[in-house]
Every structure is written in C-alpha cells, then in structure tokens.
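# Structure at a glance
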There are 2 protein chains.
Amino acid sequence: MNMSEERTEVASLGEFGLIDHLTRNNETRQASTILSIGDDAAVIDQFGKQTVISSDMLIEGVHFDLMYTPLKHLGYKSVVVNLSDICAMNATPTHITLNLGISNRFSVEALDEFYEGVYAACNFYNVDLIGGDTVSSQRGLIISITAIGEITPDKFVTRSGAKSKDLLCVSGDLGGAYLGLQLLEREKKIFLEHPEIKPDLEGRAYVTGRLLKPEARIDIVEWLAENDIVPTSMMDISDGLSSEILHICKQSNVGCVLYEDKIPFHDETKEVAYKFDTDPTACALSGGEDYELLFTIKQDDYDKLRMQEKISVIGYMTEPAEGKYLITRKGNKHELTAQGWTAFQ
Amino acid sequence: MNMSEERTEVASLGEFGLIDHLTRNNETRQASTILSIGDDAAVIDQFGKQTVISSDMLIEGVHFDLMYTPLKHLGYKSVVVNLSDICAMNATPTHITLNLGISNRFSVEALDEFYEGVYAACNFYNVDLIGGDTVSSQRGLIISITAIGEITPDKFVTRSGAKSKDLLCVSGDLGGAYLGLQLLEREKKIFLEHPEIKPDLEGRAYVTGRLLKPEARIDIVEWLAENDIVPTSMMDISDGLSSEILHICKQSNVGCVLYEDKIPFHDETKEVAYKFDTDPTACALSGGEDYELLFTIKQDDYDKLRMQEKISVIGYMTEPAEGKYLITRKGNKHELTAQGWTAFQ
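Residues numbered from 1 in each chain as written. Chains lettered and ligands numbered in written order. Predicted model: local features only at pLDDT ≥ 70, side-chain atom pairs only at ≥ 80, totals over all residues. Heavy atoms only, no water.

## Considerations on the UniProt feature "domain: PurM-like C-terminal" (unreviewed entry) in chain A
Taking the numbering used here, the UniProt-annotated feature "domain: PurM-like C-terminal" (unreviewed entry) corresponds to residues 211-321 of chain A. For residues 211-321 of chain A, the end-to-end C-alpha separation is 37 Å, with 39% helix and 20% strand making up the annotated structure. (UniProt positions renumbered as here; feature names shortened; annotations may be inferred. Helix = DSSP H or I, 4+ residues; strand = E, 2+ residues; numbered from the N terminus.)

## A word on the relation of the copies chain A and chain B
The two copies are related by a screw operation: chain A maps onto chain B through 180° of rotation and 0.0 Å of translation along the axis, at an RMSD of 0.0 Å. Overall, the copies show the geometry of a two-fold rotation axis. When the interface residues of chain A are mapped onto chain B, 100% of them again fall at the interface, so both copies present the same face. (Least-squares fit on C-alpha atoms with pLDDT ≥ 70 in both. Contact = heavy atoms within 4.5 Å.)

## What to know about helix 8 (residues 267-275) of chain B
Residue and element names in this part refer to chain B. Every buried residue belonging to helix 8 is among Glu268, Thr269, Val272 and Ala273, and all of these are buried. Down the axis of helix 8, the buried side of the element spans an arc of 135°, and every buried residue falls inside it. For helix 8, the exposed residues lying more than 90 degrees away from the buried face are Asp267, Tyr274 and Lys275. A positive phi of about 60° marks aspartate 277, the residue just after helix 8. (Buried < 20%, exposed > 50% of the residue type's maximum accessible area, 1.4 Å probe, protein only. Arc of directions from axis to C-beta.)

## Looking at the environment of glycine 288 of chain B
Structurally, glycine 288 of chain B can be placed in the loop between helix 9 (280-286) and strand 10 (293-297). When the C-alpha positions of glycine 288 of chain B and leucine 211 of chain B are compared, they lie 9.3 Å apart, and in sequence the two are 77 residues distant.

## Comments concerning the interface of chain A and chain B
With 80 residues of chain A at the interface, the matching set in chain B holds 80 residues. In total, chain A and chain B occlude about 6,900 Å² of area from one another, counting both sides; carbon and sulfur atoms represent 56% of this. In this assembly, chain A and chain B are joined by 0 salt bridges. At the junction of chain A with chain B, the criterion picks out 14 residue pairs in polar contact (both at pLDDT 80 or more). Listed by contribution, the elements that provide at least two residues to the side of chain A that touches chain B are helix 1 (10-22), strand 2 (42-46), strand 3 (49-59), strand 4 (92-102), helix 3 (108-125), strand 5 (128-136) and strand 6 (142-151) of chain A. With 9 residues, strand 5 of chain A is the largest single contributor of residues to the side of chain A that touches chain B. (Buried area = accessible area lost by both parts, 1.4 Å probe. Salt bridge = Lys/Arg side-chain N within 4 Å of Asp/Glu carboxyl O. Polar contact = N/O pair within 3.5 Å; in protein donor to acceptor, adjacent residues only side chain to side chain.)

## Points about the sheet that holds strand 13 (residues 333-335) of chain A
Residues and elements named next belong to chain A. Strand order across the open sheet formed by 7 strands is 8-10-7-11-9-12-13, with mixed pairing between neighbours. Two strands bound the open sheet, and with one partner strand each, they are strand 8 (233-236) and strand 13. Ignoring strand direction, the axes of neighbouring strands in this sheet form an average angle of 25°. Examined bridge by bridge, strand 7 (residues 167-171) and strand 10 (residues 293-297) share 4 bridges and lie antiparallel to one another. (Pairing = 2+ DSSP bridges. Axes fitted to C-alpha atoms, helices over the stretch in contact; angles between N-to-C directions.)

## Brief notes about the packing of aromatic side chains
Within this structure, the stated rule accounts for 8 aromatic pairs over all chains. Between tyrosine 115 of chain B and tyrosine 119 of chain B, the aromatic rings sit 5.7 Å apart at their centres with planes inclined by 50°, giving tilted as the arrangement. Taken together, the positions of tyrosine 115 of chain B and tyrosine 119 of chain B, both in helix 3 (residues 108-125) and 4 residues apart, correspond to about one turn of that helix. Using a relative accessible area of 6% as the deciding quantity, one classes tyrosine 115 of chain B as buried. Cluster of aromatic residues (ring-pair linked, three or more members): Phe114, Tyr115 and Tyr119 of chain A. In this structure, lysine 213 of chain A is placed above the aromatic ring of tyrosine 76 of chain A, and the distance from its NZ or CZ to the ring centre is 4.3 Å. Lysine 333 of chain A extends its terminal NZ or CZ atom over the ring of tyrosine 325 of chain A, reaching a point 4.6 Å from the ring centre. (Phe/Tyr/Trp six-rings, centres within 6.5 Å; stacked < 30°, edge-to-face > 60°. Lys NZ or Arg CZ within 6 Å of the ring centre and 35° of its normal.)

## A look at the sheet that holds strand 2 of chain A
Working definition: the strands of a sheet are paired by backbone hydrogen bonds and lie parallel or antiparallel to each other. Residues and elements named next belong to chain A. Strand order in the open sheet formed by 6 strands is 1-2-3-6-4-5, and the pairing between neighbours is mixed. Every interior strand has two partners, whereas the edge strands, strand 1 (33-35) and strand 5, have only one. In this sheet, adjacent strand axes meet at a mean angle of 25° when their direction is disregarded. With 8 bridges joining them, strand 4 and strand 5 adopt parallel strand pairing. Counterpart to glycine 101 in the pairing with strand 5 is valine 135.

## Some details on the domain arrangement of chain A
Interface size is commonly expressed as the accessible area that is lost once the parts come together. Residues and elements named next belong to chain A. Along its sequence, chain A is carved into domain 1 (31-151) and domain 2 (167-335). A separation of 23 Å is found between the C-alpha centroids of domain 1 and domain 2. Listed per partner, the contact involves 25 residues of domain 1 and 24 residues of domain 2. When domain 1 packs against domain 2, the two sides together hide about 2,000 Å² of surface, and 60% of this comes from carbon and sulfur. Here glutamate 289 makes a salt bridge to lysine 77, at a shortest N to O gap of 3.0 Å. Our enumeration of links across domain 1 and domain 2 arrives at 8 residue pairs in polar contact (both at pLDDT 80 or more). Breaking the side of domain 1 that touches domain 2 down by element, the ones donating at least two residues are helix 2 (71-87), strand 4 and helix 3. By residue number, the principal contributor to the side of domain 1 that touches domain 2 is helix 2, which donates 9 residues. Grouping the constituent residues of the side of domain 1 that touches domain 2 by class yields 14 nonpolar, 6 polar and 5 charged. (Domains from an automatic or database assignment. Nonpolar A, V, L, I, M, F, W, Y, C, P; charged D, E, K, R; others polar.)

## Regarding the pattern of salt bridges
Opposite charge on two side chains permits them to pair, given that their charged atoms come into close proximity. Residue and element names in this part refer to chain A. Under the counting rule described, the total for this entry stands at 30 salt bridges over all chains. With a shortest N-O distance of 3.4 Å, arginine 204 and glutamate 271 are connected by a salt bridge. Taken together, the residues span a long stretch of sequence, with arginine 204 in the loop between helix 4 (176-193) and helix 5 (205-212) and glutamate 271 in helix 8 (residues 267-275) at a distance of 67 residues. With relative accessibility at 39%, the residue glutamate 271 sits in the partly exposed group.

## Examining the UniProt feature "binding site: Mg(2+) 2" (unreviewed entry) in chain A
Per the UniProt record, the feature "binding site: Mg(2+) 2" (unreviewed entry) sits at Asp56 and Asp85 of chain A. Over a stretch of 30 residues, the named residues converge on one spot in the fold, their C-alpha atoms separated by at most 9.3 Å. Within the secondary structure, aspartate 56 of chain A sits in strand 3. Beyond its immediate stretch of four places on either side in the chain, aspartate 56 of chain A contacts Val81, Asn82, Asp85, Ile143, Ser144 and Ile145 of chain A together with Asn99 and Asp133 of chain B. The exposure class of aspartate 85 of chain A is buried, given its relative accessible area of 9%. Side chain to side chain, aspartate 85 of chain A and serine 54 of chain A meet in a polar contact 3.2 Å long.

Structure below.
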C-alpha cells in the first residue's frame with residue numbers, strides 16, 4: 001500500500017475515534033503500568049504505592065482567546081484543568097510540569113502574569129511545579145501541562161466501574177462556563193464592531209468566572225474520602241454532561257436514566273440562558289468546561305450524601321439493554337446523544 | 001507600577017535567563033519533591049522510592065522541518081529526546097505521556113506514521129505510552145512529551161555534584177547532528193531553487209542519522225551501573241558541548257579544562273565538516289542535538305572506564321577561581337564561552 005495515496009481527514013474520525021485509532025496498537029511493557037490510555041489519567045505502581053498522571057494541551061485560538069482571557073486567569077486555569085483530571089481519578093494532585101511555546105508577541109511581563117496564575121493555582125492546590133520546557137512558537141501561545149498525583153494502592157476510580165442500579169451524581173452546578181463563553185464572545189463581537197461601547201458584564205461574574213477561573217473539585221474527593229464513599233466510576237466534566245455520561249456508559253457497559261429536573265443550575269446560569277433564549281439543560285448537556293465531577297455510587301451510599309449540598313443525584317445506571325435516556329421535566333423520554341466535542345464547532 | 005507599560009523582550013533574557021526569571025518565586029510545598037526545576041529532570045519521592053520526570057516541547061518550524069524529517073523519525077526522536085533527559089539523571093525511563101497539536105494539514109495516515117515512530121521508540125527503550133491529549137492547532141505540528149523514570153533512592157545524578165579534579169567524560173561522538181542539519185538544510189535550499197536536482201546525501205548516512213534518529217544513551221547508564229561508577233554530575237548534550245559544560249561548572253561551582261584533541265568525532269563528521277569548511281571542534285562545542293551524555297567521575301574511577309570505547313575523557317574540573325578553558329590542539333588556551341542555544345539562530 002502506498003501510504004501517500006491515502007488521505008483520511010482527522011475530522012472524519014472525531015476526537016475519540018482518532019485517539020482510539022492512534023492507540024489501537026499501544027502495548028504495555030512495564031509491569032508497573034496499572035492503567036494506561038483511555039481514562040482521565042494513567043496510573044503507575046511505584047513499588048506498591050500508586051502515582052496518577054495526566055497531560056493536557058491548550059492552544060491559543062483553539063482553547064482560549066486572549067482578547068477576553070486575562071493571562072493570570074489562563075495560567076490558573078491551565079493548571080486547574082489538569083488537576084481536575086487527577087481529582088477525577090479520586091487521587092490527590094501533588095506535582096505538575098509546564099511546557100510553554102511562546103511567540104515573540106509575548107513580553108516577559110506577559111509571561112510573568114501567566115506564571116502568577118500558575119503559582120496561584122499551585123499554592124491553592126498545594127501542588128509543586130517541578131519542571132518543563134520553554135520554547136519559541138511561530139504563532140501564539142501553546143501550553144502543555146502534565147499533572148501527577150498520588151493515591152492509596154487500588155483506590156483510583158476509573159470510568160469503567162459503574163454498575164446497574166448505581167446512582168449517578170454530579171458536583172456543583174452545570175452550564176455556567178458555556179454561557180460565560182457565549183457572553184464573552186458576544187461582547188468581543190460588539191467591541192470589534194463598535195469599540196466605543198463598553199462591555200456589559202454587570203451581574204455576570206458567576207458565569208464568566210466559571211469559564212475564566214474554574215476550580216478542580218479536590219474538595220469533593222476529600223469529602224468522599226471523609227465519608228467513606230468510594231465512587232464506582234468517576235470522570236470530570238470537560239466536554240458536556242451528555243458526552244461524559246455516555247463515556248461512563250460505554251466504558252462501564254451500562255445504560256442510564258438522567259432526570260432533567262435533577263440537573264443542578266446556578267440562578268445566574270438560568271438567567272443568562274433565558275436572556276440568550278437558550279435552554280439551560282442544553283447548556284449543561286452539551287456545553288463544556290464546567291470541570292465538575294461526574295460519578296456513580298452504590299445505592300447504599302445514598303444516605304451519606306443526600307444532605308450534602310455540593311453533590312446532586314441526577315439519575316441512575318441501568319442494564320445496557322435498557323439504553324441511555326433523559327427524562328424531561330414534562331416526563332418525556334429522549335435518547336441521550338453525544339454532543340460534547342462537536343456540538344459547538 | 002503599571003505592568004502594561006513595561007515591555008521586556010523575551011530575547012533579552014535568553015532561554016535560561018527566562019526560565020530563571022519565571023521560576024524565581026517557585027516554592028516547594030510537597031515533602032516528596034526531592035529535586036525541582038533546573039536540571040534535566042525533576043525527582044519526586046514515592047514513598048521511599050524515587051521517580052524522575054522530564055518534559056519537552058517540539059514545534060514545527062522551530063525544532064523540526066517536515067520537508068526533510070520523515071514523520072516516523074520525528075515520532076521516534078520526540079520520544080528519545082525526553083528519554084535522554086531521564087538517562088541524564090542516571091535513571092531508567094519507564095513511561096511517557098504524549099500531547100499532540102495538529103493542524104488539518106495532517107491526515108490520519110500522517111499521524112499513523114508519526115505514531116509508528118513513537119511506538120518504535122517505546123519498544124526499543126521498553127517504555128510505556130500511558131496517556132496524553134490530542135488537540136487541534138491553528139498551524140503546524142506541536143509535540144509535548146513528559147517522560148517518567150525510576151531510580152534507586154538518592155542515586156540520581158544532578159548537574160551540581162562535580163568537584164575539582166573530577167574527570168570530564170562524554171559518551172559517543174559529537175558534532176554529527178549539527179552537520180547533518182547543515183547538510184539537509186543545504187539540500188533543501190538546492191531543491192527549492194532547482195527541484196530537478198536530486199538530493200545528494202550519498203555517504204552521509206551517519207551525520208543525517210545523528211540528526212534524524214538520535215538515541216538516548218541508556219546503554220551508558222547501564223554500563224556505569226554494571227561497573228559501579230556513580231558520576232558526580234551528569235547531563236545530556238542537547239545544545240552543544242561548551243554550553244553544557246558551563247552549566248555543570250555553574251551549577252557545581254567548579255572550573256574546567258577541556259582538551260580539544262580529546263573531543264571524540266566520527267570520521268564522517270570530520271569529512272563533512274571539512275567539506276563545509278567548518279572546524280569539527282566548533283560543531284561539537286556549539287552545535288546541538290547530539291544527545292550524548294556529559295558527566296564527571298572521580299579520578300579513582302578512571303581505571304574502570306579507560307578501556308571503554310563508548311566513553312571519552314575530555315578534560316577535568318578545577319577550582320572555580322581557575323576559570324573554564326579549552327586547550328587547543330596547538331596548546332593554546334581559550335576561555336570557554338556559551339554558544340549553545342543562540343550560536344546558530
């Protein structure tokens with residue numbers, strides 16, 4: 001076969017299809033590799049104790065827009081999205097490495113601002129920045145971070161352990177980051193067309209904050225440990241609730257029932273959604289970047305968390321043959337479809 | 001102070017100045033952080049055993065030119081340059097994570113070729129690819145790899161342990177990768193101006209191979225262990241011999257004497273250097289990407305390695321006040337200056 005004659009567009013496979021394709025022949029040689037590609041993070045055994053490792057890349061113009069993203073916030077968020085993956089394994093983040101590609105557009109002062117945010121996140125999450133690489137880029141800012149965490153042996157939680165009848169839970173509230181993005185994109189458009197008009201973000205601190213300064217839910221990981229709850233599966237919500245639930249269903253081989261009226265929203269999220277003539281549920285299902293934790297627990301653990309305000313039970317898992325459904329407020333049953341990554345392209 | 005009014009160009013600090021600047025306030029919070037930013041890799045303690053971590057970023061148009069770099073070689077080399085950093089700590093690489101930014105110029109077949117090289121390196125070095133991120137880039141290919149390795153507690157070797165009278169050693173031979181780059185750049189230029197002329201790389205497999213398919217010297221790490229030699233300092237040669245020696249001198253607070261006639265060259269390297277009307281010594285001192293190991297040993301260890309062909313003793317360390325010198329073939333004494341990173345920009 002002449003490889004040069006074939007050309008398959010990356011877009012035809014989609015993000016997850018591409019990763020599956022590229023890693024289909026990946027082999028494990030090290031006995032210490034407990035969990036490899038395919039979850040929020042990998043797990044390696046370090047002489048009986050376990051280390052959790054996750055890596056993310058953020059590219060200017062693709063993942064962030066410096067027109068409305070302060071560099072300090074970007075530094076903070078770049079760390080947080082990686083720590084969130086470590087939390088999603090039920091582990092505690094401990095270290096990061098940071099690789100930066102920078103074009104000559106960026107001054108040292110600009111990089112200082114970015115690092116201020118990085119250090120603020122390291123400080124808040126008690127994490128050490130231990131290395132990395134700083135190189136020139138031909139265009140824009142490129143950020144690549146690897147986060148490392150620790151966990152008691154075999155206490156890590158993957159996406160594949162959910163069982164039928166387990167309860168489906170989510171931390172915090174959803175949809176805010178997506179609406180924050182819509183709001184900032186709208187103000188950017190107005191500003192570009194009418195530079196004299198001041199951005200109107202009055203009373204929108206919550207949703208813009210959700211986008212610009214998300215947090216990793218280490219508090220949830222700690223609360224679960226304190227209350228002796230080990231989730232049966234867990235992941236963080238970076239793409240959108242429906243896409244993430246479908247990941248758990250696929251990797252755990254279960255079905256699910258999700259109740260629309262149980263999905264948690266902040267009041268400001270609902271308000272902004274209505275102003276945008278959008279359904280908050282759609283924002284939660286298909287918007288991304290909320291960085292909340294989505295997890296399943298055994299029914300027996302329900303009593304331990306039902307009084308907890310930080311966690312909402314939003315549905316339950318079923319046998320795989322029962323399918324994956326959303327029950328609307330009006331009681332209608334809709335099949336849950338993945339709209340996460342490609343929905344808003 | 002109004003930060004927005006200040007603008008310091010990154011170029012004014014240089015690569016190492018920039019890193020020093022950005023990390024000047026970096027704090028260590030985790031008791032497990034044994035060694036942080038400033039060496040080839042970081043070291044973290046994992047419950048009594050130690051893990052070595054290193055991270056590198058490669059950007060198309062800055063670090064590689066796809067016009068003469070086959071994607072499979074690029075995949076292989078991307079892994080190798082990271083494993084080389086782990087070897088430079090005297091550790092054994094075990095795992096990598098790989099983040100890729102790809103523009104729509106790249107087809108799935110092209111990525112397959114890249115991954116073939118990544119897997120070939122994983123296979124050769126017995127390393128597991130355990131995770132990463134694949135994202136869109138607006139332009140070109142961006143590669144960010146984190147390598148993880150293991151080492152017996154406190155056996156890692158930094159750049160800061162060299163002592164006066166220690167012998168300065170280097171593995172393999174030097175200058176080849178730089179000349180391979182000159183050769184490929186020349187052929188590219190000829191091809192762009194005269195597409196009908198075929199590239200003339202006859203008899204140049206060694207120097208082009210040094211650039212396109214370098215190896216990490218894990219064999220040297222193993223040989224040192226087998227022969228009970230623990231280097232007092234070590235790093236890999238990615239920038240150029242003089243720049244790397246000066247790193248060791250600075251971080252170890254020692255001076256040095258380097259003998260030009262002891263610097264090891266491959267015959268083809270010398271031949272190509274003369275064809276280019278260049279001094280092979282200059283290529284070794286200031287060219288980069290040889291990925292050999294530079295290390296210092298105690299004089300007592302000399303007998304163990306003097307019969308070893310893979311390692312050359314090229315000089316010795318002195319008291320800091322004695323300065324850093326190169327003794328030429330003719331016996332002249334020149335001060336050693338850093339020309340690594342900026343020499344060929």
